[in-house]
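For reference, the chains in residue letters:
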Amino acid sequence: MTFTPDTLYALIAAVLFAGFVAVILLGAVVAVAARSLVRNVTGLALSFLGLAGLYYFLHSPFLALMQILIYVGAICVTIMFAMMLAELHEESRSWLMTVLAGVGSFVAASAFAIPLILMVRRSSWMPASSVQTNPGTIEDLGRALLTRYGFAFELISVVLLLAILGALAVARSGRKPNS
Amino acid sequence: MNFIHWSEQLNVYLMIGALLFAIGIFGFLRHRTLVGMLISGELILAGASLNFMAFGHFRAADPVTGQAFTLFIIGIAAAEAAIALSIMIAVYRNYRSIETRDLKEMEG
């Protein structure tokens, strides 16, 4: 195999892609299988970093940045803070129960995964649309958010506001004044 | 070499999304604490958003559709995480535990 710049770039891109996929799957497995909750959150952050890489491959760098900013930067850090506030940890249970729960969950998850993957392999999707109405850049995304999806956009902001107020109300109730 | 063109195939993305979804289901069933279940729920949402992004990029006439939907999923997930964590802190304050088996005051 000769290395012209084109094949070299394709090879580098493929290796990067495989690396991102490995990071996603590794992080997801750590997020669900590790014993301590801190490791679970770290695995989740790792998985989301890999997912941001895949978003780059799907030609949407804006979504990749949002993924890192919101998921890794906000949600994972918030979960970590909540764990520190409440000293959350999983208590160990008996060896037999751990194995039984693991096997049962694995069987149930396979019952979802295997049909899904078979369906993806066998189905032929509708052909790609021949006409693209826009190139899908950040400008197009912003224009769509403020015109066609304007109502949903505003509704999301109301949902976020209510979530902030609700979180404050729920977390404050029952707190004693001097403790 | 087939490996080179993986990043340009719809099926590869769909399979990664399906695997993320299944791993999330696995964690949701296996974990016994509310935090663990929240983390698994985020993984399930991530699998769904990857599917939307892949279809939006490879099949849709308007590639903005998938991106906008994924942005909305991210926003909803942020709201969900905030509410779930505040409920968790309230539960911990009352029960001194977030294990799901300890939360059985309303058990019949």
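Residues numbered from 1 in each chain as written. Chains lettered and ligands numbered in written order. Predicted model: local features only at pLDDT ≥ 70, side-chain atom pairs only at ≥ 80, totals over all residues.

**Student:** Quick rundown of the overall build of chain B? Include the residues and the values.
**Tutor:** For chain B, the helix and strand inventory stands at three helices and zero strands. Written out in order from the N terminus, the α and β elements of chain B read α-α-α. For 108 residues, the compact-globule formula gives about 13 Å, and the C-alpha radius of gyration of chain B, at 18 Å, lies well above that figure. Principal-axis analysis of the C-alpha atoms gives chain B an extent of 55 × 30 × 25 Å. Counting only residues that meet the buried cut, chain B has 53% of its 108 residues in that class. Contacts spanning at least 24 positions in sequence make up 46% of the contacts within chain B whose residues lie at least 6 apart. (Helix = DSSP H or I, 4+ residues; strand = E, 2+ residues; numbered from the N terminus. Rg over C-alpha atoms; globule rule 2.2 N^0.38 Å. Buried ≥ 20, exposed ≤ 12 C-beta atoms within 10 Å, placed from the backbone. Contact = placed C-beta atoms within 7 Å.)

**Student:** With reference to specific residues and values, describe the nonpolar core.
**Tutor:** Judged by nonpolar contacts, the single largest core of 68 residues is most densely connected at A:Ile79, B:Leu20, B:Ala22, B:Val35 and B:Leu50. Looking at this core, the elements that each hand over two or more residues are α1 (5-33), α2 (37-57), α3 (61-86), α4 (95-122) and α6 (150-172) of chain A together with α1 (10-30), α2 (34-58) and α3 (64-95) of chain B. Summarising the domain contributions, this core has at least three residues from each of domain 1 (1-90) and domain 2 (135-174) of chain A. Among all residues touching B:Leu50, those that are not within four sequence positions of it are A:Leu51, A:Leu54, B:Tyr13, B:Ile16, B:Gly17 and B:Leu20. (Core = buried A, V, L, I, M, F, W, Y, C linked by C-beta atoms within 7 Å. Domains from an automatic or database assignment.)

**Student:** An account of the interface of chain A and chain B is requested, with residue identities and associated values reported.
**Tutor:** Facing 78 residues of chain A, the contacting portion of chain B comprises 65 residues. Every element with two or more residues in the side of chain A that touches chain B is listed here: α1, α2, α3, α4, α5 (138-146) and α6 of chain A. Among the residues forming the side of chain A that touches chain B, the class breakdown is 58 nonpolar, 16 polar and four charged. (Nonpolar A, V, L, I, M, F, W, Y, C, P; charged D, E, K, R; others polar.)

Fair warning: the whole summary comes from geometry, so function is off the table for now.
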